[in-house]
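So the chains spell out like this:
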Amino acid sequence: MQIVPFLVVAWVVVAGLYGIVTSRDLIHQIICLIVVQSSTYVLLLGVGYVTGGVAPYFYDIPLHTKAVDPVVQALALTDVVVEAAVTALLLSFAIQAHKRFGTLDPHELAEFKG
Amino acid sequence: MTSRQRLWFFAVAAAGLVACYLWAFAGLPGFGHYPGPYGQVILNEAVKQTNATGVVSAVNFEYRGFDTVGEEFILFTAAAGMSVVLRKLRGERERQPLDETDSAAAARPTQTGSAIRIPALLLVGPTALIGWWLASHAQANPSGGFQGGVILASAFILIYLSGEFLTFRRLSPVALLDAVEAVGAAGFAVIGLAAVAQGFPYLYNYLPLGQTPGAVSSSGTIALISFFVGLEVAAAFVLIVGELLGQSLLRQRSA
Amino acid sequence: MTPAALMDTLQVVALLLVGAGATAVVRTRNRVRQVLALSVYGILLAILFLAFQAPDVTLSELTVGAVALPIVLLLAISKVHKRAEPADPADPADPARPAQPDRKPER
């Protein structure tokens, strides 16, 4: 249990990278990039977890209950929403590439120069 | 290089990456034994200092407010970048949704089934309300500007999903969305600058902190910032979806 | 089982599901099916975040991963998916383009 989350993070990163490397479609690559990004959320939350801790909201529980780390949750939270917008921007690049070159295959796109 | 060579190259690189990862994780204190003092200090002090019972939002908009400004501007730039990248190229013309020939109109379904329309239309109001509520209650609950903004945007998207495409276009004019997004982003920056104008550091919490921890009017600038962030995120997402929808209306003219 | 052991089991199960979900998303080659797999993966991630005592991040991941991202992706996919376009009635110079099947990689 000590290292299981970190092993899963490593697995997800390698799986996502494998998808990007062996992909023949820009949109498939973008989705694999999303998967790689999601591994960072798991890593952040895994680092900040305290065994036996509760969520850091003290609306109805006494003030000094043992709670998990709030800082990494704040980072992961903004991360998730911003990732969606950046993915949309990447998709717009893919759409323009398709419009100009007619194909979404990265192997063929690499041959166009200028 | 061929695909197989590429795959072997990747396998070697991935093995190196995993080795480095495992070495790094071996240096971490195991899962569940978080040692860092920063988290503990914030947990002890946050409610007293900011009167906000939602410590994560207090961290987001107060203790690490500067990082959140940066993230929000990433969102803003992504939406603006999409508008620039997806501009109408020379030779493209926007197709009116109503001037289809008969065969084309018969070829694609124009009416979504009632099983989708009715629940989607019924859910628009509650979704907008929930999004609004989440964006304004950051200091007490697991909510905040980011989540509330996305849910508010999805209320608009529900209108599109229920088949009322023209209503969606009419309800989300680009000029208005641009203005709302700018107000949201600028609001955050201006709140910080207003602190500077009073002689405090940027984004210092200068509004009255209120009596009860976790009430709507407590926690000073945190609630206000969360509201503006909600506006900005909602407008950005509706803009993004609107841009992509506009793309599907564009028709390529030959040469 | 003690509550601590239950919590541990829940977290391990959620982590394994996330690992399996990531593999499934990467191995799906059809575009639309991959978007659906991504949606399910988002829900699995949300369950994991809930098991890690992070309700804020759960809410974010649910709204973004199951609503906003699939919509944006499906709109982009529908844009790049070529189908036979009828002749433009308003433009006399636009010949009807022949249908060109899009290259869907089927591995």
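Predicted model, so just to flag it, every value in this text is computed and none were measured.

A. Representation of the overall build of chain C within the structure. Of regular secondary structure, chain C possesses three helices and zero strands. When the elements of chain C are put in sequence order from the N terminus, they spell out α-α-α. The buried share of chain C, taken over its 107 residues, is 43%. In chain C, the proportion of contacts linking residues at least 24 apart, taken out of those at least 6 apart, comes to 42%.

B. Representation of the overall build of chain B in the model. Each helix and strand in chain B was counted, giving ten helices and two strands. Helices (α) and strands (β) of chain B occur, in sequence order from the N terminus, as α-α-α-α-β-α-α-α-α-α-α-β. Buried residues in chain B amount to 40% of all 255 residues. Of the contacts made within chain B by residues no fewer than 6 positions apart, 73% connect residues no fewer than 24 positions apart.

C. Structural context of the environment of Ile225(B). Residues and elements named next belong to chain B. Secondary-structure assignment places Ile225 in helix α10 (residues 221–249). With 28 C-beta atoms packed within 10 Å, Ile225 lands in the buried category. With residues near it in sequence (within four places) discarded, Ile225 still touches Phe61, Phe188 and Ile191.

D. Main features of the interface of chain B and chain A. Counting from both sides, the interface comprises 44 residues of chain B and, opposite them, 43 residues of chain A. Taken together, the elements giving at least two residues each to the side of chain B that touches chain A come down to α1 (3–26), α2 (37–50), α3 (55–63), α4 (65–85), α7 (145–161) and α10 of chain B.

E. Focus on α4(B). Across its 21 residues, α4(B) extends 30 Å between first and last C-alpha, which sits within 8% of the 30 Å expected from 1.5 Å per residue. Turning to α4(B), its buried residues number three or more, namely Gly65(B), Thr68(B), Val69(B), Glu71(B), Glu72(B), Leu75(B), Phe76(B), Ala78(B), Ala79(B) and Met82(B).

F. How the structure looks around the environment of His64(A). Mapping His64(A) onto the fold places it in the loop between α2 (26–48) and α3 (70–101). Put simply, His64(A) and Gly16(A) are 48 residues apart on the chain and 40 Å apart in space, counted from C-alpha to C-alpha.

G. Molecular detail of the nonpolar core. Ranked by size, the top nonpolar core spans 131 residues in total, and within it Leu45(A), Ala236(B), Phe237(B), Ile240(B), Leu48(C), Val72(C) and Ala76(C) carry the most contacts. For this core, the element with the most residues is α10(B), which contributes 17 residues. The contacts of Ala76(C), once residues within four sequence positions are left out, are Ile27(A), Leu91(A), Ala94(A), Ile95(A) and Leu244(B).

H. A look at the packing of α2(A) against helix α1 (residues 3–27) of chain C. Where α2(A) meets α1(C), the closest approach of the two axes is 9 Å, and the angle between their N-to-C directions is 165°. Considering the angle they form, α2(A) stands roughly antiparallel to α1(C). Between α2(A) and α1(C) lies a crossing whose hand is left-handed. On the side of α2(A), the interface is formed by Ile31(A), Cys32(A), Val35(A) and Val42(A), while α1(C) contributes Val18(C), Ala22(C), Val25(C) and Val26(C).

I. Structural detail: unusual backbone geometry. Positive phi, close to 60°, is recorded for Gln53(C), a residue that is not glycine. With respect to the helices and strands, the residue Gln53(C) is situated in the loop between α2 (31–51) and α3 (55–80).

J. Structural detail: the confidence of the model for chain C. Residue and element names in this part refer to chain C. Per-residue pLDDT for chain C has a mean of 82; in total, 76% of the residues score no lower than 70. Element-level pLDDT for chain C is lowest in α3, with a mean of 90, against a maximum mean of 94 in α2. Within the model, pLDDT remains below 50 along residues 94–100, and this stretch shows twelve contacts once partners closer than five positions in the same chain are excluded. In the predicted complex, the global pTM is 0.86; the interface-specific ipTM is 0.90.

K. Examining the environment of Leu239(B) more closely. Residues and elements named next belong to chain B. Within the fold, Leu239 resides in helix α10. Each C-alpha atom of the pair Leu239 and Ala175 lies 10.0 Å from the other, and the pair is 64 residues apart in sequence. If we skip the residues at most four places from it in the chain, Leu239 touches Ala79, Leu177 and Glu181.

L. Fine view of the confidence of the model for chain B. Model confidence for chain B is summarised by a mean pLDDT of 80, while 84% of its residues fall at 70 or above. The lowest-confidence element of chain B is helix α5 (residues 102–107) of chain B, averaging 45 in pLDDT; the highest-confidence one is α1(B), averaging 90.

What counts as what
- Residues numbered from 1 in each chain as written.
- Chains lettered and ligands numbered in written order.
- Predicted model: local features only at pLDDT ≥ 70, side-chain atom pairs only at ≥ 80, totals over all residues.
- Helix = DSSP H or I, 4+ residues; strand = E, 2+ residues; numbered from the N terminus.
- Buried ≥ 20, exposed ≤ 12 C-beta atoms within 10 Å, placed from the backbone.
- Contact = placed C-beta atoms within 7 Å.
- Expected span 1.5 Å × (residues − 1).
- Core = buried A, V, L, I, M, F, W, Y, C linked by C-beta atoms within 7 Å.
- Axes fitted to C-alpha atoms, helices over the stretch in contact; angles between N-to-C directions.
- Parallel < 35°, antiparallel > 145°, perpendicular 65-115°, else oblique.
- Left-handed = near helix turned anticlockwise from the far one by under 90°.
- pLDDT = per-residue confidence, 0-100.

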